[in-house]
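Tertiary structure, described
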Amino acid sequence: MPLALEITLILVLLALAVGLVPLLIQLRRTAKGLDLFLSSTRKDLAQIAEDVHASRLRMDHLAGSLAVSLGDLSAFTKSLGEVGGTVKEWHARFRTTLESASRTIGGVIGGLSTVLAFFKSKPTSHEPD
């Protein structure tokens with residue numbers, strides 16, 4: 001092999017080694033930075049997972065409380081509806097009774113006025129014969 005080719009080959013290998021060493025050092029720094037980033041991310045994700053779990057438990061508790069409250073409200077509104085139905089029924093009965101009493105009183109007054117009209121229309125003999 002000629003001497004110039006050997007020197008060229010040595011220079012190329014030396015240049016490659018000189019360029020490759022900083023590249024490998026930077027690659028090692030990048031790997032360490034990535035390792036720190038992943039470790040930090042793992043801790044952050046664990047904290048986020050705990051927070052999400054706690055939030056879900058609070059939401060479950062709130063949903064349970066809301067379900068109980070809505071059940072109580074439903075029972076209250078049902079009772080209120082029954083009271084309203086009873087009041088409506090009593091109102092109808094009272095109105096019917098009032099109308100019946102009104103008709104009866106009207107009939108009695110009408111009968112009395114007829115009797116009074118009869119007696120007024122009958123000639124009275126107050127005059128001596």
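Summarised in this report is the structure supplied together with it. (Residues numbered from 1 in each chain as written. Predicted model: local features only at pLDDT ≥ 70, side-chain atom pairs only at ≥ 80, totals over all residues. Heavy atoms only, no water.)

Section: the overall build of the protein
Helix and strand content of the protein: one helix and zero strands. Here the C-alpha radius of gyration of the protein, 54 Å, is well above what a compact globule of 129 residues would show, namely 14 Å. Per-residue burial over the protein gives 0% buried out of 129 residues. (Helix = DSSP H or I, 4+ residues; strand = E, 2+ residues; numbered from the N terminus. Rg over C-alpha atoms; globule rule 2.2 N^0.38 Å. Buried < 20%, exposed > 50% of the residue type's maximum accessible area, 1.4 Å probe, protein only.)

Observations regarding a nonpolar patch on the surface
Together, Leu9, Leu13, Leu16, Leu20, Leu23, Leu24 and Leu27 give the surface a local cluster of nonpolar side chains, amounting to about 680 Å² of exposed area. Residue placement: leucine 27 occurs in helix 1 (residues 3–121). Taking relative accessible area as the criterion, leucine 27 reaches 55% and is therefore assigned exposed. (Patch = residues over 30% accessible without salt bridge, like charges linked within 9 Å, V, L, I, M, F, W, Y side chains within 5 Å. Areas by Shrake-Rupley, 256 points an atom, 1.4 Å probe, with all protein chains shown as cover. Salt bridge = Lys/Arg side-chain N within 4 Å of Asp/Glu carboxyl O.)

So, the pattern of salt bridges
For the coordinates displayed, the defined rule picks out four salt bridges. The partner of aspartate 60 in a salt bridge is arginine 56, with the nearest N and O atoms 2.8 Å apart. Taken together, the residues span about one helical turn, with aspartate 60 and arginine 56 both in helix 1 at a distance of four residues. Assessed through its relative accessible area of 41%, aspartate 60 is described here as partly exposed. Residue classification places arginine 56 among the partly exposed positions, given a relative accessible area of 42%. As a salt-bridge pair, arginine 93 and glutamate 89 come within 2.7 Å of each other at their nearest N and O atoms. Of the two residues, arginine 93 and glutamate 89 are both situated in helix 1; the distance of four residues between them amounts to about one turn of the helix.

Quick notes on the environment of glutamine 47
Summarising the element assignment, glutamine 47 is placed in helix 1. For the pair glutamine 47 and arginine 28, spaced 19 residues apart in sequence, the C-alpha to C-alpha distance is 29 Å.

Focus on the environment of arginine 42
Assignment of secondary structure puts arginine 42 in helix 1. Since its relative accessible area comes to 59%, arginine 42 is described here as exposed. Between the alpha carbons of arginine 42 and alanine 67 there is a distance of 37 Å; along the sequence they are 25 residues apart.

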